[in-house]
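The residues making up each chain are set out below.
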Amino acid sequence: MHVRLSSLSALAFALLPVAAMATNAPAASGHDEDRADIVVSARLAHTAREEEKAAPNIINVQSAEAIAKYPDVNAAEALSRMPGVALSIDTAEGRFINIRGLDGNFNGATMGGVVLLNTQPGGTYFNAAGRAVEFDTVPIGAVDRMSIVKTGLPDHDAEGIGGSVELTPRTAIGAKRMFADVTLGGGVETFAGKGLYRDEIVVGGPIGGKDSKISFVISQFLYNDHRSFHDMEAGYVDSIGTPDKAFAGLELRKYDYYRQRFGYSGEMDFVPAEGQRYYLRASMAGYNEHGYRNRMSINFNGNPTTSGNTLTDTATAQKTLRDYDETHRNIVVQLGGDNHLGDAHLEYWGAYSRASYSKHFDYNSTFDNPNSYTIAYDNITNPNLPRYNVTAGSGLTNPANYSLSNIGNQTEFDVDQEWSGAGSLTLPIGLTPGDEIKVGTKLRFRDKVARPYTASANLTGNLSLAQDAAGSNITNFYHAGYDIGPVIGGPALRALFAQNNTGMALNPGGYFDDTENIAAGFVQYQGTFGKLGVLAGLRFEHTHAVYRGIGQNTDATGNTTLNPLSTTRNYDNAFPTLQLRYQAAPRLVARATYSTGIARPGFYQTQQSTSVDLGGLTVSTGNPNLLPTYSHNFDASLEYYLPDAGVISVTGFDKELLDYVVTRTNRVNGYQGNSGIFLVATYENAHYAYARGLEVNFVDKFTGLPGLLGGLGIDANFTHVDSGVALRAGEGNVALPGTFGTSWNAAVFYERGKAKIRIASQFESTVLFGVGGSRATDVFQDSRYTLDANASYDLSDRAQLYLNVKNLTNAPLRFYEGAPNRPIQREFYDATIEIGVKLKL
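Residues numbered from 1 in each chain as written. Predicted model: local features only at pLDDT ≥ 70, side-chain atom pairs only at ≥ 80, totals over all residues. Heavy atoms only, no water.

**What to know about the pattern of salt bridges**
Should the charged atoms of two oppositely charged side chains come close, the side chains can pair.
Then, number 1: Enumeration according to the criterion identifies 55 salt bridges in this entry.
Then, number 2: For the salt bridge of arginine 95 with aspartate 90, the shortest nitrogen-to-oxygen distance reads 4.0 Å.
Then, number 3: Salt-bridge contacts for aspartate 778 lead to arginine 775; the nearest nitrogen and oxygen are separated by 3.2 Å.
Then, number 4: The buried category is assigned to aspartate 778, whose relative accessible area is 0%.
Then, number 5: Residues joined in a network through salt bridges with shared partners are Asp157, Glu159, Glu418, Lys442, Arg444, Arg539, Glu541 and Arg600. (Salt bridge = Lys/Arg side-chain N within 4 Å of Asp/Glu carboxyl O. Buried < 20%, exposed > 50% of the residue type's maximum accessible area, 1.4 Å probe, protein only.)

Quick look at the structure:
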């Protein structure tokens with residue numbers, strides 16, 4: 001870690017009662033009024049809606065009460081039900097979220113005001129930034145509520161151009177007795193009939209009776225599942241003179257995952273007197289995953305003949321196994337206080353946050369088939385289910401035709417950690433009743449390192465796949481009759497690798513060791529003048545960054561030399577804001593806001609690990625001189641609040657982005673003193689980009705309907721984003737990578753007496769996933785529509801049965817290259833069913 005003594009001294013200074021910033025368990029708005037009541041009842045839906053209404057800025061709040069009405073497992077899935085939020089999935093579960101179309105690398109995330117970090121930089125979707133938080137590491141049982149801050153305030157971190165997520169940890173403040181909440185559940189992943197198990201236990205309350213000054217809460221979460229599904233992936237020739245749909249390769253993949261999610265958290269609060277609070281909280285959450293990816297690869301020559309919709313080409317085949325085990329873990333520890341001293345309000349805390357990714361092993365074994373085959377295929381009639389048959393050659397799936405040619409292993413140990421401290425001081429001003437000025441500071445000291453290692457086996461002999469087959473042939477792949485041969489076993493190949501390998505060596509191309517320290521200060525004024533509420537202020541942030549890596553130079557003879565690289569960057573940014581809130585009527589609120597935000601360059605975008613191939617005249621490199629993306633944000637909303645936590649709102653927004661980071665491939669004459677025309681793949685700042693859109697939210701319980709119909713209700717939201725940036729020279733604006741154009745949620749529910757039923761649908765439009773050399777080779781994630789269900793029945797005041805069903809529509813995760821009829825990945829999962837019981841003791 002690269003924190004010097006002077007930095008630690010500065011951190012200690014930040015914790016003195018001079019400073020300012022986020023609170024112990026802050027209202028997402030930064031608004032302190034009625035906070036005590038909000039904390040006590042933070043898990044209730046009506047409290048969440050009241051906080052939205054009272055906030056000086058635009059926020060959305062989802063309470064634990066509302067979260068429990070959906071079949072969601074992790075924080076990503078729960079957040080995706082909120083207005084303006086879209087979900088990115090991985091292996092059938094939500095992982096990353098987009099806010100107002102913008103991907104997770106542009107958004108902030110905190111737990112109790114402490115910044116959450118990224119566990120695996122190489123696994124980040126979109127833009128190779130390595131900043132997006134994997135919300136699948138956070139169990140929903142660990143929070144009292146989730147907030148999306150749409151327009152940031154000076155007392156918030158400036159990160160969050162799309163928005164910022166604030167997770168409020170569970171607390172027992174306000175509890176009058178000891179309590180225990182227990183959830184036990186089990187179910188099945190229907191694609192392959194694999195099982196799942198869930199248990200969640202929360203215990204808390206006052207220590208020593210209802211009038212105790214000390215309370216605590218601890219929670220434990222476990223969710224184990226064995227998920228199996230199939231995936232078909234394709235590569236196209238993409239060469240002038242070949243048919244548009246000509247395959248370069250076709251892969252049929254069988255995935256088996258054993259995933260164990262875990263979460264442990266606790267908080268202790270000491271309230272010695274009214275207006276005085278001290279707290280200590282800690283949480284650890286994440287998951288371990290062991291995966292087997294069996295794959296049959298058909299490698300085509302790439303020069304087929306055509307007859308109608310049938311293409312015929314020669315090909316070879318391989319069978320491979322990826323056998324890996326990895327752990328993602330997030331840890332947050334926070335100590336702080338909240339004191340009212342006369343008219344002054346002082347808040348302060350210190351914290352440590354750590355996100356880690358450990359790839360314990362990742363064995364990749366390849367069995368080659370020396371035979372040549374002539375294969376006729378039709379990927380035009382039904383692109384999702386291309387049909388093929390062998391017209392010459394035999395034994396495509398016969399294990400005796402495959403022999404082991406290679407075993408490689410990869411490990412990786414990534415750590416993202418941050419020490420931080422903050423404090424704020426709020427004082428009345430007297431210009432108008434209840435107005436106040438708030439000043440403060442925050443210091444953050446972040447170190448992020450990625451350490452990948454590789455090794456290969458020294459193979460002798462000729463091991464046949466027939467000797468290592470771990471099961472019978474897969475003859476109904478995709479549930480569509482494909483035959484991909486036998487499953488490859490992992491343990492024997494691991495043992496073979498252990499007997500004779502080259503030893504693990506650092507992979508310099510994926511290594512970096514970066515420091516990013518941020519010092520911030522702010523001032524903000526808040527007051528109400530009649531029906532008009534005003535919040536105005538300024539935040540200042542100084543960023544000190546050091547990007548370290550290893551450069552690689554390969555000469556024309558193939559010799560590679562390594563050299564350490566380091567670049568230091570310092571930059572300052574100011575973030576003004578003006579937020580107006582007009583109480584037009586008791587239930588009607590209008591808002592107009594101007595705010596600013598920042599997205600710092602991604603850790604892979606600034607990566608120093610340059611690779612130069614003098615033989616091929618190619619360069620792959622990050623760009624440590626990238627500027628951060630700065631955004632001017634304009635919002636206007638009209639909100640009407642209905643009874644029973646209902647709302648109707650319409651919000652328009654415009655984000656004007658400066659120095660947006662894009663991928664670039666440039667031709668340069670000479671590189672680092674070497675002659676020739678080099679093809680350099682890197683990242684650059686595009687001067688201007690934008691994201692503008694509309695958000696609509698409607699939640700209502702139709703209590704006025706007669707009789708049994710009085711339990712009906714709707715919870716729906718819609719977001720549309722129009723975005724643009726010039727990705728490639730000579731090309732007009734296209735949608736920002738990773739930015740969903742349209743997303744919506746629509747749930748119909750019935751809640752009456754002891755019974756609750758909710759049918760929830762979700763839609764995300766097509767999005768640009770990866771930038772290719774041209775629009776024809778860009779990779780898109782296809783649109784996705786899902787339908788989920790949740791039902792519960794109260795057996796008593798203390799016991800409830802529940803049923804969760806996810807993905808009733810069997811929506812695939814589908815990617816395509818250039819056009820929808822060129823699919824390159826299609827994963828189908830079928831439905832997940834879970835039943836269980838919830839107990840309140």
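Text resumes after the structure shown.
**Concerning the sheet that holds strand β6 (residues 143–149)**
Then, number 1: Strand order in the open sheet formed by 5 strands is β1-β6-β7-β4-β5, and the pairing between neighbours is mixed. Pairing within the sheet leaves two strands with one partner each, and these edge strands are β1 (59–63) and β5 (114–115).
Then, number 2: Note: strand β4 (residues 108–111) against strand β7 (residues 164–169), 4 bridges, orientation parallel. If you follow methionine 111 over to β7, its bridge partner there is leucine 167.
Then, number 3: The sheet contacts of helix α3 (residues 45–54) involve β1 and β6, and relative to β1 the element is tilted by about 170°. (Pairing = 2+ DSSP bridges. Helix = DSSP H or I, 4+ residues; strand = E, 2+ residues; numbered from the N terminus. Contact = heavy atoms within 4.5 Å. Axes fitted to C-alpha atoms, helices over the stretch in contact; angles between N-to-C directions.)

**Comments concerning empty space enclosed by the protein**
Then, number 1: Tallied over the full model, the rule gives 11 cavities of 30 Å³ or more.
Then, number 2: Put simply, the second largest cavity is a space of about 240 Å³.
Then, number 3: For the lining of the second largest cavity, the secondary structure elements donating two or more residues are β2 (85–90), β3 (93–99), β10 (214–236) and β36 (784–794). (1 Å grid on protein atoms, 1.4 Å probe; cavity = no way out; pocket = protein on both sides within 12 Å on 5 of 7 lines; lining within 4 Å. Points joined across faces, edges and corners; volume = space filled by probe spheres on them.)

**Considering the layout of surface pockets**
Any space left empty among the atoms is revealed by the rolling of a water-sized probe across them.
Then, number 1: Estimated volume of the largest pocket: approximately 1400 Å³.
Then, number 2: Lining the largest pocket are 49 residues, and of these Arg43, Ala64, Arg170, Asp181 and Lys840 sit closest to its centre.
Then, number 3: Only α2 (35–40), α4 (64–67), β6, β8 (179–189), β9 (194–206), β36, β37 (799–806) and β40 (832–840) provide two or more residues apiece to the lining of the largest pocket.
Then, number 4: For the lining of the largest pocket, the element with the highest residue contribution is β8, accounting for 5 residues.
Then, number 5: Of the residues belonging to the lining of the largest pocket, the class tally is 22 nonpolar, 10 polar and 17 charged. (Nonpolar A, V, L, I, M, F, W, Y, C, P; charged D, E, K, R; others polar.)

**Re the nonpolar core**
Then, number 1: Ile97, Phe135, Met146, Val165, Leu167, Leu252 and Tyr388 are the most contacted members of the largest nonpolar core, which totals 79 residues.
Then, number 2: Other than its neighbours up to four places away in sequence, leucine 167 contacts Thr110, Met111, Gly112, Leu116, Phe135, Val138, Val143, Arg145 and Met146.
Then, number 3: Phe653, Leu657, Val662 and Ala689 belong to the second-largest nonpolar core, a separate cluster that totals 19 residues. (Core = buried A, V, L, I, M, F, W, Y, C linked by side-chain atoms within 4.5 Å.)

**Structural notes on the pairing of β37**
Then, number 1: Within β37, 6 of the 8 residues are buried, which leaves it mostly tucked inside the rest of the structure.
Then, number 2: With 6 bridges joining them, β36 and β37 adopt antiparallel strand pairing. Directly across from serine 792, in β37, lies its bridge partner tyrosine 802.
Then, number 3: Hairpin geometry of β36 and β37 is characterised by an intervening segment of 4 residues between the two adjacent antiparallel strands.
Then, number 4: Where β37 and β40 come together, 8 bridges link them in antiparallel fashion. Across the sheet, residue valine 805 finds its bridge partner in β40, namely isoleucine 833.

**Some details on a nonpolar patch on the surface**
Then, number 1: Together, Ile207, Ile214, Met268, Phe270 and Tyr278 make up a nonpolar patch on the protein surface, roughly 410 Å² of accessible area in all.
Then, number 2: For isoleucine 214, the location among the structural elements is in strand β10.
Then, number 3: For isoleucine 214, a relative accessible area of 31% translates into the label partly exposed. (Patch = residues over 30% accessible without salt bridge, like charges linked within 9 Å, V, L, I, M, F, W, Y side chains within 5 Å. Areas by Shrake-Rupley, 256 points an atom, 1.4 Å probe, with all protein chains shown as cover.)

**Here we look at unusual backbone geometry**
Glycine aside, residues mostly have negative phi, and peptide bonds are mostly found in the trans state.
Then, number 1: Residue alanine 92 is not a glycine yet carries a positive backbone phi of 80°.
Then, number 2: With respect to the helices and strands, the residue alanine 92 is situated in the loop between β2 and β3.
Then, number 3: Even without a glycine there, the phi angle at aspartate 238 is positive, about 55°.
Then, number 4: Checked against the element boundaries, aspartate 238 lands in the loop between β10 and β11 (247–273).

**Observations regarding the confidence of the model for the protein**
Then, number 1: Considering every residue of the protein, the mean pLDDT works out to 89; 94% of them sit at 70 or more.
Then, number 2: Predicted confidence for residues 1–40 stays below pLDDT 50, and this span has 121 contacts to residues more than four positions away or in other chains. (pLDDT = per-residue confidence, 0-100.)

**Some details on the environment of tyrosine 197**
Then, number 1: For tyrosine 197, the location among the structural elements is in strand β9.
Then, number 2: Under the relative-accessibility criterion, tyrosine 197 is labelled partly exposed at 36%.
Then, number 3: Taking the C-alpha atoms as reference points, tyrosine 197 and glutamate 656, 459 residues apart in sequence, are found 46 Å from one another.
Then, number 4: Non-local contacts of tyrosine 197, meaning those with residues more than four positions away in its chain, are made with Leu184, Gly185, Gly186, Leu222, Tyr223 and Asn224.

**Observations regarding the packing of aromatic side chains**
Then, number 1: Applying the stated rule across the entire model yields 30 aromatic pairs.
Then, number 2: Ring plane angle 80° and centroid distance 6.3 Å describe the contact between phenylalanine 477 and tyrosine 482, whose orientation is recorded as edge-to-face. For the residue pair phenylalanine 477 and tyrosine 482, the accessibility class agrees, reading buried in each case.
Then, number 3: Put simply, the rings of Phe229, Tyr255, Tyr257, Tyr324 and Tyr829 pair up and form one aromatic cluster.
Then, number 4: Taking the ring centre of tyrosine 287 as reference, the NZ or CZ of arginine 261 above it sits at 4.8 Å.
Then, number 5: Just above the ring of tyrosine 236 sits the side chain of arginine 822; from NZ or CZ to the centre is 4.5 Å. (Phe/Tyr/Trp six-rings, centres within 6.5 Å; stacked < 30°, edge-to-face > 60°. Lys NZ or Arg CZ within 6 Å of the ring centre and 35° of its normal.)

**What to know about the side chain of asparagine 339**
Then, number 1: Along the chain, asparagine 339 turns up in strand β14 (residues 310–341).
Then, number 2: Accessibility expressed as a relative area gives 4% for asparagine 339, which makes it buried.
Then, number 3: A polar atom in the side chain of asparagine 339 sits 2.8 Å from the side chain of glutamine 276.
Then, number 4: Here the side chain of asparagine 339 touches tyrosine 278 through a polar contact of 3.1 Å, side chain to side chain. (Polar contact = N/O pair within 3.5 Å; in protein donor to acceptor, adjacent residues only side chain to side chain.)

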